[in-house]
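For reference, the chains in residue letters:
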Amino acid sequence: MIRVGVNGYGTIGKRVADAVAAQSDMELVGVTKTSPNYGAEAAIRRGYDLYAAIDDRVDEFEAAGLGVTGTLTDLLDAVDVVVDCCPSGVGERNRPTYEAHGVPAIYQGGEDADIADASFNARGSYEAARGADSLRVVSCNTTGLSRILAPLDETYGVEKARVTLVRRGGDPSETDRGPINDIVPDPTTVPSHHGPDVNTILPDVDVDTTALKAPVTAMHTHSVNVTLDEEPSTEAVRDLLAGEGRVFLIPESAGIDGAGALKDYAADIGRPRGDLWENCVWEESISVQGRDLYLFQNVHQEADVVPENVDAVRALATDASRAESVARTDESLGIGLDSLLSDGGAARSPLAADD
């Protein structure tokens with residue numbers, strides 16, 4: 001059993017904790033919080049051992065009636081791998097602590113690429129992570145792009161990829177985020193950081209990205225144009241992407257016309273928190289004209305990196321192959337919306353009953 005600790009039980013951390021707890025080869029030792037808020041109470045209700053992320057705040061937890069098992073130092077003494085799910089920039093401050101304890105660490109995409117030995121995406125760079133002492137799971141958008149660009153490059157070759165990202169203004173719980181009534185280029189410069197970040201996973205893929213921020217909380221939307229080295233048919237590309245386990249081709253017959261309907265569907269079939277771990281590609285948007293491929297996809301910013309974190313744990317701590325790890329992760333979480341549509345929703349995530 002791989003003993004795993006999650007430092008930061010927030011938007012990503014709580015989902016990673018649930019995913020780790022669902023793995024037959026992993027033990028979730030505990031999670032941390034900086035203050036005794038509703039998230040700390042929720043962690044205890046789910047049966048997770050709670051640790052104080054800051055040593056001198058133990059008394060605050062006790063005063064709130066939320067007993068802690070120990071501090072972050074105690075957690076690090078008890079784990080084989082720590083997954084840092086703290087806000088952007090905090091992981092960098094935590095790195096010396098992890099290194100002092102000799103604990104391999106997994107960071108999130110909000111950190112700079114040089115925080116870890118390698119950037120990680122299960123589809124694009126699993127084997128390249130071998131021998132690393134630390135990994136950085138790339139951001140939700142970079143994860144989504146890597147999942148489709150990797151098979152396209154392997155099968156047809158990518159001459160140039162151009163992506164426009166319409167990003168959500170904030171997560172549902174982030175009341176301090178915006179914009180409220182505007183659509184903002186973010187950044188106004190070209191490329192956005194997403195293209196260079198993709199190159200930390202797929203260094204040989206030529207990709208340019210632009211990004212805007214919109215007043216929504218549901219999901220990111222990508223408009224993708226890829227010039228391929230070959231001229232495949234539209235049907236061939238559809239078949240290729242349909243074969244990718246973490247890519248969900250939304251059939252036109254489903255009547256799913258946007259992020260709202262996608263989230264509603266995920267909740268209706270019992271997905272925990274209405275999460276979508278897969279890239280959601282509108283099947284009818286896939287079009288090949290000559291060597292140019294076009295498609296639209298949605299990426300759930302709260303969820304798509306979760307299975308990648310699980311695979312990153314195995315890449316650091318085991319000799320499991322990419323195929324073996326991905327298969328175990330996907331089966332344990334119930335990843336694969338195509339099968340859910342085809343069997344009328346009979347297959348359900350084992351986490352669904354917990355939420």
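Structure: see above.
Residues numbered from 1 in each chain as written. Predicted model: local features only at pLDDT ≥ 70, side-chain atom pairs only at ≥ 80, totals over all residues. Heavy atoms only, no water.

(A) The arrangement of the pairing of strand β16 (residues 292–299) in detail. Two strands pair when backbone bridges link them, and strand β12 (residues 220–228) and β16 are joined in this way by 8 bridges, in the antiparallel orientation. From the neighbouring strand, Ser223 faces β16, where its bridge partner is Phe296. If you look at the hairpin formed by strand β15 (residues 287–289) and β16, you'll find 2 residues sitting between the two strands, and Gly290 has a positive phi there, around 65 degrees. (Pairing = 2+ DSSP bridges. Helix = DSSP H or I, 4+ residues; strand = E, 2+ residues; numbered from the N terminus.)

(B) Seen up close, a negative patch on the surface. Judged by side-chain charge, Asp55, Asp56, Asp59, Glu60, Glu62, Asp74 and Asp77 come together as a negatively charged surface patch. Listing elements by their share of the negative patch, those giving two or more residues are α3 (58–63) and α4 (72–77). Tallying contributions element by element places α3 first for the negative patch, with 3 residues. Of note, Glu60 is situated in helix α3. A relative accessible area of 40% means that Glu60 is categorised as partly exposed. (Patch = residues over 30% accessible without salt bridge, like charges linked within 9 Å, V, L, I, M, F, W, Y side chains within 5 Å. Areas by Shrake-Rupley, 256 points an atom, 1.4 Å probe, with all protein chains shown as cover. Salt bridge = Lys/Arg side-chain N within 4 Å of Asp/Glu carboxyl O. Lys, Arg positive; Asp, Glu negative; His and termini not counted. Charge placed at Lys NZ, Arg CZ, Asp CG, Glu CD. Buried < 20%, exposed > 50% of the residue type's maximum accessible area, 1.4 Å probe, protein only.)

(C) Highlighting helix α12 (residues 322–333). Between its first and last C-alpha, α12 extends 16 Å over 12 residues, near the 16 Å set by a 1.5 Å rise per residue. Here α12 has its buried residues at Ser325, Val326, Thr329, Asp330, Ser332 and Leu333. The arc that holds the buried residues of α12, viewed along the axis, is 165 degrees, so those residues lie on one side. Looking at α12, the residues exposed on the side facing more than 90 degrees away from the buried face are Ala323 and Glu331. The inward-facing, buried residues of α12 abut α1 (13–21), α6 (122–125) and α11 (306–317). (Expected span 1.5 Å × (residues − 1). Arc of directions from axis to C-beta. Contact = heavy atoms within 4.5 Å.)

That's the geometry; what it means functionally is another story.
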